[in-house]
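# An overview of the molecular structure
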Amino acid sequence: LYKLMVSRLGEVVNISGTTVIVQGNKIGPRAVGKIVIDKKMNEVGRVVDVFGPVDAPYAKIVLFSKETPFRDSAVYLR
């Protein structure tokens, strides 16, 4: 068995269709391409871009479906 590595990506600040913007403290360019999961460990999307100031960056996530049960909550990287 292997240990599943999960790290907190940040808080959802905007949802528009299948695009979600998340603000976090430690989002770097390595996050691009990674799978995003919700607090129930469901895969919800993929990080496609990281932008904004270094001390409070944003991540753009494209959702796998239009269902967004995690509005106003934290999401995580797997």
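It should be noted that the structure appears before, not after, this text.
Overview of the structure. This one's a predicted model, so the numbers in the text were calculated from it and none came from an experiment.

### Here's the deal with the sheet that holds strand 3 (residues 35–37)
One closed barrel accounts for six strands, arranged 1-2-5-4-3-6; its pairing is antiparallel. Sheet twist, expressed as the average angle between the axes of neighbouring strands with direction ignored, equals 45 degrees. Bridge analysis of strand 1 (residues 7–16) against strand 2 (residues 19–23) gives five bridges, and the strand direction is antiparallel. Across the sheet, I15 pairs through a bridge with V20, a residue of strand 2.

### A short note on the packing of aromatic side chains
In total, this model carries one aromatic pair according to the counting rule given. Judged by centre distance (5.7 Å) and plane angle (15 degrees), the rings of F51 and Y58 are stacked.

### Here's the deal with the nonpolar core
Counting 15 residues, the largest nonpolar core has L9, V20, V22, V36, V47, I61 and V75 as the members making the most contacts within it. Mapped onto this core, the elements with two or more residues apiece are strand 1, strand 2, strand 4 (43–51), strand 5 (58–63) and strand 6 (74–77). Setting aside residues no more than four positions away along its own chain, L9 makes contact with V22, Q23, G24, I27, V36, V47, A59, I61, V75, Y76 and L77.

What counts and what doesn't
Residues numbered from 1 in each chain as written. Predicted model: local features only at pLDDT ≥ 70, side-chain atom pairs only at ≥ 80, totals over all residues. Heavy atoms only, no water. Pairing = 2+ DSSP bridges. Helix = DSSP H or I, 4+ residues; strand = E, 2+ residues; numbered from the N terminus. Axes fitted to C-alpha atoms, helices over the stretch in contact; angles between N-to-C directions. Phe/Tyr/Trp six-rings, centres within 6.5 Å; stacked < 30°, edge-to-face > 60°. Core = buried A, V, L, I, M, F, W, Y, C linked by side-chain atoms within 4.5 Å. Buried < 20%, exposed > 50% of the residue type's maximum accessible area, 1.4 Å probe, protein only. Contact = heavy atoms within 4.5 Å.

Honestly, it's all geometry; don't read function into it.
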